[in-house]
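# Analysis of the macromolecular model
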Amino acid sequence: MGDIILTMKGIDKSFPGVHALDHVDLEVRKGEVLALMGENGAGKSTLMKVLTGIYKKDSGTITYEGKEIEFKNTREAQDAGIVIVHQELNMLGHLTVAQNLFIGREFKKGIRIDDRKMNEEAKKLFDRLNVDIDPTETMSHLTVGKQQMCEIAKAVSFDAKVIIFDEPSAALTESEIEEMFKIIRDLKKKDIAMVYISHRMDEIKVITDRVTVMRDGAYVGTLITEECTKEDIINMMVGRVIYEEPKTESAVPKDAPVVLKVEHLNAGRMVQDVSFELRKGEILGFSGLMGAGRTETARALFGADPKESGDIYVNGKKVTINNPQDAVNCGIGYLSEDRKRYGIVVQKTVAENTTMASMQDFMNGIFIDKKKETEIADKYVEALATKTPGVDQLVVNLSGGNQQKVVIAKWLTRNSDILIFDEPTRGIDVGAKNEIYKLMNKLVEEGKSIIMISSEMTEILRMSDRIVVMCEGKKTGELDISEAKQETIMNLATREIE
Amino acid sequence: MKVEKIKQNAFVKKVGFNRIVLIFVLILMYLAFGALTGGSFFGVSRITNTLNYVYFLGFLSLGVTFVIATGGIDFSIGPVMYCCALVSGYSLITYGVPMTASLIMSVLIGVVFGVFNGYLVAYWKVPPFIVSMASMNIAKGIAAVFTKTQSVSWPQSSTADGWYRNFVSMNGIPVGLIIFLAVSVICAVVLNKTKWGRYILCLGSNEEAVRLSGVNVKKWKMLAYIICGTLVGIASIFFVAAYTTVQPGYGDQYNNEAIAGCVMGGTSMVGGLASISGTVIGVIIISLLQQGILALGFTKEYQYIITGLIVIAAVYADVSARRRKN
């Protein structure tokens, strides 16, 4: 193993209300692939953003090639040889491969762009990496895998000494991944250091030399990949102290009626043959890592996105859901993870948002019955303890937790019996979180049924009666809360090649 | 997260700061033009005379307010108004269609264009800018083909069919003003007190959130364009009642003026925020400004320059107000 090229020591970073990085250490050596692992929100991406100058660290030191450095932006980091290959491809589809590679630093001939020179340079680069891509091809004509190769090639073309891969394989097929690994092994031989962020345990075992694990914004430890098992890594990832007691047993009777049944739901790559049942009065947790297809499942079920196939039964009756209107009429309400975009109309009042889904009940002839509207809004402000100066307050002036309550009020006003909570406490501070939990428990006691999508393990274990685990668009397991453990869930949520 | 609240006087809050400023601007402009023209700009008859020629603009402005409230735009209103006036007028003169039927036809043509624009924007998701640009040309083309590119002269007041001109003014009574204000009140009620207006404003603010609330957003979006088309049709009646002669191939100059009146009144170009009373004051300011410019001895072309600059200024004010909020 080579010399140390990059050391991050005691990196600390706070955002308002969140201690994102708590004195994290990281060490990368020349010619190695270091896996950086951790659950959603463990701080991996934040750490890499601090390294490349997107975020400014609060304290700690970064030593690169023997010198202490601090980049102000990614451009500076690039020039110094530290490059990120992103999970989402940042390519311009209508340009050629070569034009994409050299964007922002085009070769010029006078004032004209020298396309021929760029094509030649791109060809040389691809030859060096043993990649077979035509530089003159239009980017959007390439497969996702090839586009990913271009991203890597672009990183290399910056004379990179450290390349960071942020979930590079998320969109790739098996053979494409294999091809990418070939390139990575090649780069290793050229003494380039690589940081590999991925949730895929099998890849970690194949391609990396060491594994650094993070948890809740802190450094947990580093293992030699060859000497550890998948279980070792998972234990390090989840081995936190749980402050809230997880639910040990479900209070929902085993024979409670099924209010929602979804069979063989298909909607693109992210929702493949998903089936499940939701019983009356239960909270069904949907667990999984980012990009597991949970939100996509919910949106397809709700009719927000088109689905390819699948049957949906509400209270035993088969229903057709082609758009959100159909879903709402079936008594389903969806509370999106992105409230500002999908949940509320921020420039409207609390009252107006409350009646949004049930306008027809608040009409007096052709006029809106403002009095009735105010009454119901007042009722739910009180019942949900929403903190607002009044129901005529614009929702934009409310905090995240209170905005969430307005969305809940909207669906309660509509009298929806099935509620889909997508990341119900994202961006909500701890105190308000507990209130939302209490509220959800109260709702199921009153006979509502809840699907709760959550990326927080503690939330899943604390709230769910049963847990569905998804991974890469497929349902990988279903657990009763009495048999659910962090380790089992994490095992189901990470992919393994049989 | 605490939001600083500016203490506001109850009266200011009720009427709206924006509108108070507008009324102030209106009075100031009136006085300024009066002084500059040596007093010839003053007088009640002068005002109503001026207004007689701009009611149509008021209806256009009211109409486009609904479309802009959805976050859309309609650049076809002027030419569509011309199309209404030309096609029904030509039918009246050449084919002997009765006056009442011709007037109804005017409105219906406006409605048809509203349905057309609205359907393409809401259901086919063609950008409003493109749709309205295209239908502007379609309206011009239809009018020209139908009239064989000849101008159409509606009957004079003295003829038997001349009664339609009473819509603007009858024996000195400003009928046009009364109708315009009445329609404005109806528009304000529709926008603020009914489900139609509620959904139009909400979808202008956040269409996806409204859709995910189970609301048929396409229907309501299309409705905004239909309301607009209807008002454009009505506008055409007031246009011919004031000017009687219509020439094919024109009408686009009124797009800017109507939109200027609308955005000046505080309707936001990004949608979600609209004010009918603001539009009414805004369009009166635009009209006054134009008459004032003419009274000062400038040619019509200067109006175009000033209206263009006003649109930019009003939209910039809206954009920068938003930026401050964020």
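Because the structure is a prediction, the values reported are computed rather than measured.

## Notes on the overall build of chain A
The helix and strand inventory of chain A stands at 17 helices and 24 strands. Taking 498 residues into account, the globule formula puts the C-alpha radius of gyration at 23 Å, and chain A, at 25 Å, falls close to it. Across its three principal axes, chain A shows a C-alpha extent of roughly 70 × 55 × 45 Å. Taken across its 498 residues, chain A has 47% of its residues classed as buried. Contacts in chain A between residues far apart in sequence, at least 24 positions, make up 69% of those at least 6 positions apart.

## Describing the confidence of the model for chain B
All names here are of chain B. Residues at a pLDDT of 70 or more form 92% of chain B, whose mean pLDDT is 88. Confidence, expressed as mean pLDDT per element, reaches its minimum in chain B at helix α1 (residues 10-15) with 62 and its maximum at helix α6 (residues 99-122) with 97. Counted against residues more than four places away or in other chains, residues 1-7, with its pLDDT under 50, gives two contacts.

## Digging into the sheet that holds strand β13 (residues 258-267) of chain A
Residues and elements named next belong to chain A. Taken in spatial order, the four strands of this open sheet run β14-β13-β16-β17, and their pairing is antiparallel. At either margin of the open sheet sits one strand with a lone partner, and together these are β14 (271-279) and β17 (317-319). In this sheet, neighbouring strand axes are inclined to one another by 20° on average, regardless of whether the strands run parallel or antiparallel. Pairing geometry for β13 and β14, over six bridges, is antiparallel. Of the residues in β14, the one forming a bridge with Val262 is Phe276. Along the sheet, helix α9 (residues 294-302) makes contact with β13, β14 and β16 (309-314), crossing β13 at roughly 110°.

## Topic: the nonpolar core
Within the largest apolar cluster, 239 residues are counted, with the highest numbers of intra-cluster contacts made by Met194(A), Leu60(B) and Met81(B). At 18 residues, helix α10 (residues 217-243) of chain B tops the list of elements feeding residues into this core. For this core, the two domains that each supply at least three residues are domain 1 (4-238) and domain 2 (258-493) of chain A. Non-local contacts of Leu60(B), meaning those with residues more than four positions away in its chain, are made with Ile77(B), Met81(B), Val232(B), Ala235(B), Tyr254(B) and Ala258(B).

## Brief notes about the sheet that holds strand β24 (residues 474-480) of chain A
Residues and elements named next belong to chain A. One open sheet accounts for six strands, arranged β18-β21-β22-β15-β23-β24; its pairing is mixed. At either margin of the open sheet sits one strand with a lone partner, and together these are β18 (332-335) and β24. This sheet shows a mean twist of 20° between the axes of neighbouring strands, independent of strand direction. Two strands pair when backbone bridges link them, and strand β15 (residues 283-287) and strand β22 (residues 449-453) are joined in this way by four bridges, in the parallel orientation. For Phe286, the partnering residue across the bridge sits in β22 and is Ile453.

## A word on the interface of chain A and chain B
Opposite the 27 residues of chain A that make contact, chain B presents 19 residues. Counting only elements with at least two residues in the side of chain A that touches chain B, the list comes to α10 (324-329), α11 (339-343) and β20 (367-368) of chain A. No other element matches α10(A), which puts five residues into the side of chain A that touches chain B. By residue class, the composition of the side of chain A that touches chain B is 16 nonpolar, seven polar and four charged.

## Some points on the environment of Ser157(A)
Examined against the element boundaries, Ser157(A) turns out to sit in helix α5 (residues 144-157). Taking the C-alpha atoms as reference points, Ser157(A) and Thr349(A), 192 residues apart in sequence, are found 52 Å from one another.

## Describing the pairing of β13(A)
Residue and element names in this part refer to chain A. Linking β13 to β14, which pair antiparallel, is a turn of three residues; within it Gly268 sits at a positive phi near 70°. Summarising the sheet, β13 and β16 pair through five bridges and their orientation is antiparallel. From the neighbouring strand, Glu263 faces β16, where its bridge partner is Asp311.

## Focus: the environment of Val220(A)
Residue and element names in this part refer to chain A. Assignment of secondary structure puts Val220 in strand β12 (residues 218-224). We classify Val220 as buried; it has 20 C-beta atoms within 10 Å. In the structure, Val220 is positioned 136 residues away from Met356 in sequence and 47 Å away in space, judged by C-alpha atoms. Not counting residues up to four positions away in its chain, the partners in contact with Val220 are Val213, Met214, Arg215 and Met236.

## What to know about the pairing of strand β21 (residues 418-422) of chain A
Residue and element names in this part refer to chain A. With five of five residues buried, β21 is to be regarded as a mostly interior element. Both faces of β21 are covered, namely the face carrying Ile418, Ile420 and Asp422 and the face carrying Leu419 and Phe421. Sheet analysis places β18 next to β21, joined by four bridges and oriented parallel. Opposite Tyr334, over in β21, you have Ile420 as the bridge partner. Judged from the five bridges that link them, β21 and β22 form a sheet pairing that is parallel. Within the sheet, the bridge partner assigned to Asp422 lies in β22 and is Ile453.

## Brief notes about the packing of helix α4 (residues 55-69) of chain B against helix α12 (residues 276-295) of chain B
All names here are of chain B. For the pair α4 and α12, the least separation of the axes is 9 Å and the interaxial angle reads 140°. Judged on the interaxial angle alone, α12 and α4 are oblique. For the pair α4 and α12, the crossing hand works out as right-handed. Of the residues in α12, those touching α4 at Leu57, Gly58, Ser61, Leu62 and Thr65 are Ile276, Thr279, Val280, Val283 and Ser287. When grouped by side-chain class, the residues that make up the contact of α4 with α12 number five nonpolar, five polar and no charged.

## Side note on unusual backbone geometry
The phi dihedral of Asp273(A) falls on the positive side, at around 50°, and the residue is not glycine. The topology assignment puts Asp273(A) in strand β14.

## Regarding α12(B)
Residues and elements named next belong to chain B. Between its first and last C-alpha atoms α12 spans 28 Å; for 20 residues at 1.5 Å apiece the expected length is 28 Å, and the two agree. A large share of α12 lies buried, amounting to 16 of its 20 residues. Downstream of α12 by one or two residues, Gly297 has phi in the positive range, about 95°.

## Some points on the confidence of the model for chain A
Residues with a pLDDT of 70 or more make up 96% of chain A, whose mean pLDDT is 88. Averaged over each element, pLDDT in chain A is lowest for helix α8 (residues 230-238) of chain A (81) and highest for β22(A) (96).

Thresholds, definitions, all that
Numbering of residues begins from 1 in every chain and follows the order in which that chain's sequence is written. Working convention: letters from A go to chains and numbers from 1 go to ligands, in the order in which they are written. Restriction of local features to residues with pLDDT of at least 70 applies here, the model being predicted, together with a cutoff of 80 or more for giving and counting side-chain atom pairs; totals for whole chains, interfaces and linings are based on all residues. Only DSSP runs of H or I reaching four residues or more are called helices, and only runs of E reaching two or more are called strands; each is numbered from the N terminus. It is over C-alpha atoms that the radius of gyration is taken, and the globule rule equals 2.2 Å times the number of residues to the power 0.38. The exposure scheme places C-beta atoms from the backbone and then counts, for each residue, the other C-beta atoms within 10 Å of its own, assigning buried at 20 or more, exposed at 12 or fewer, and partly exposed in between. By the convention adopted here, residues make contact when the C-beta atoms placed from their backbones lie within 7 Å. pLDDT gives the predictor's per-residue confidence on a scale running from 0 to 100. For two strands to be treated as a pair, DSSP must find at least two bridges joining them. With axes taken as lines fitted to C-alpha atoms, and helix axes fitted only over the stretch in contact, angles between N-to-C directions fall between 0 and 180 degrees. Any nonpolar core is a set of buried residues, restricted to Ala, Val, Leu, Ile, Met, Phe, Trp, Tyr and Cys, that join up through C-beta atoms within 7 Å. Domain delimitation follows an automatic or database domain assignment. Nonpolar residues are Ala, Val, Leu, Ile, Met, Phe, Trp, Tyr, Cys and Pro. Charged residues are Asp, Glu, Lys and Arg, and all others, Gly as well, are polar. Roughly parallel here means an angle under 35 degrees, roughly antiparallel means over 145, roughly perpendicular means 65 to 115, and every remaining angle is called oblique. By convention, the crossing between two helices is left-handed when the near helix turns anticlockwise from the far helix through less than a right angle, and right-handed when the turn is clockwise. Working rule for helices: expected span equals 1.5 Å times residues minus one.

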